[in-house]
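# Close look at the chain arrangement
Spelled out from the first residue to the last, the chains are:
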Amino acid sequence: MAGGYSSSKLLLTLDTVKYLASHHTHDEFPFLNVPSNARHRTTFHAILVRLLLSPGGEEKLGLTFDKFMKPIVETMSQLGALDSSQLRSEAARMPLIGVFRDLRGI
């Protein structure tokens, strides 16, 4: 639905879409952490970025690309502070996969 120009214009006016774009983390949407939803996580971010980067998207969503990227950058910073043995742990596995999925969608 976010692929067409007129549907994108309509979606940008919805408060729900504004909320999705500004709260796109697994804390707000637990489905993003379910391993079987990995493809959907990528699609979710691809659609949000398509809307954000559409003509007038930043203004209508009240969000810049830098603000959109902030949660992803914060997760990457946390992962970057880990040493190589910690990165191989199971605790770092899901956030690492999640960040790569998010970036692939972006």
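Notes on the structure in this doc start here. (Residues numbered from 1 in each chain as written. Predicted model: local features only at pLDDT ≥ 70, side-chain atom pairs only at ≥ 80, totals over all residues. Heavy atoms only, no water.)

## Looking at the nonpolar core
Residues Leu61, Leu63 and Phe68 are the most contacted members of the largest nonpolar core, which totals 19 residues. Taken together, the elements giving at least two residues each to this core come down to helix H1 (5–12), helix H2 (15–22), helix H3 (38–52), helix H5 (65–80) and helix H7 (90–105). Phe68 has contacts with Ala21, His24, His45, Leu48, Val49, Leu52, Leu63 and Ile106, leaving out every residue within four places of it along the chain. (Core = buried A, V, L, I, M, F, W, Y, C linked by side-chain atoms within 4.5 Å. Buried < 20%, exposed > 50% of the residue type's maximum accessible area, 1.4 Å probe, protein only. Helix = DSSP H or I, 4+ residues; strand = E, 2+ residues; numbered from the N terminus. Contact = heavy atoms within 4.5 Å.)

## Concerning the packing of H5 against H7
For the pair H5 and H7, the least separation of the axes is 10 Å and the interaxial angle reads 140°. Between H5 and H7, the crossing angle belongs to the class labelled oblique. Between H5 and H7 lies a crossing whose hand is left-handed. Where H5 approaches H7, its residues Met69, Ile72, Thr75, Met76 and Leu79 are matched on the opposing element by Ala92, Pro95, Leu96, Val99, Asp102 and Leu103. For the contact of H5 with H7, a count of residues per class yields nine nonpolar, one polar and one charged. (Axes fitted to C-alpha atoms, helices over the stretch in contact; angles between N-to-C directions. Parallel < 35°, antiparallel > 145°, perpendicular 65-115°, else oblique. Left-handed = near helix turned anticlockwise from the far one by under 90°. Nonpolar A, V, L, I, M, F, W, Y, C, P; charged D, E, K, R; others polar.)

The analysis is restricted to geometry; functional conclusions fall outside its scope.
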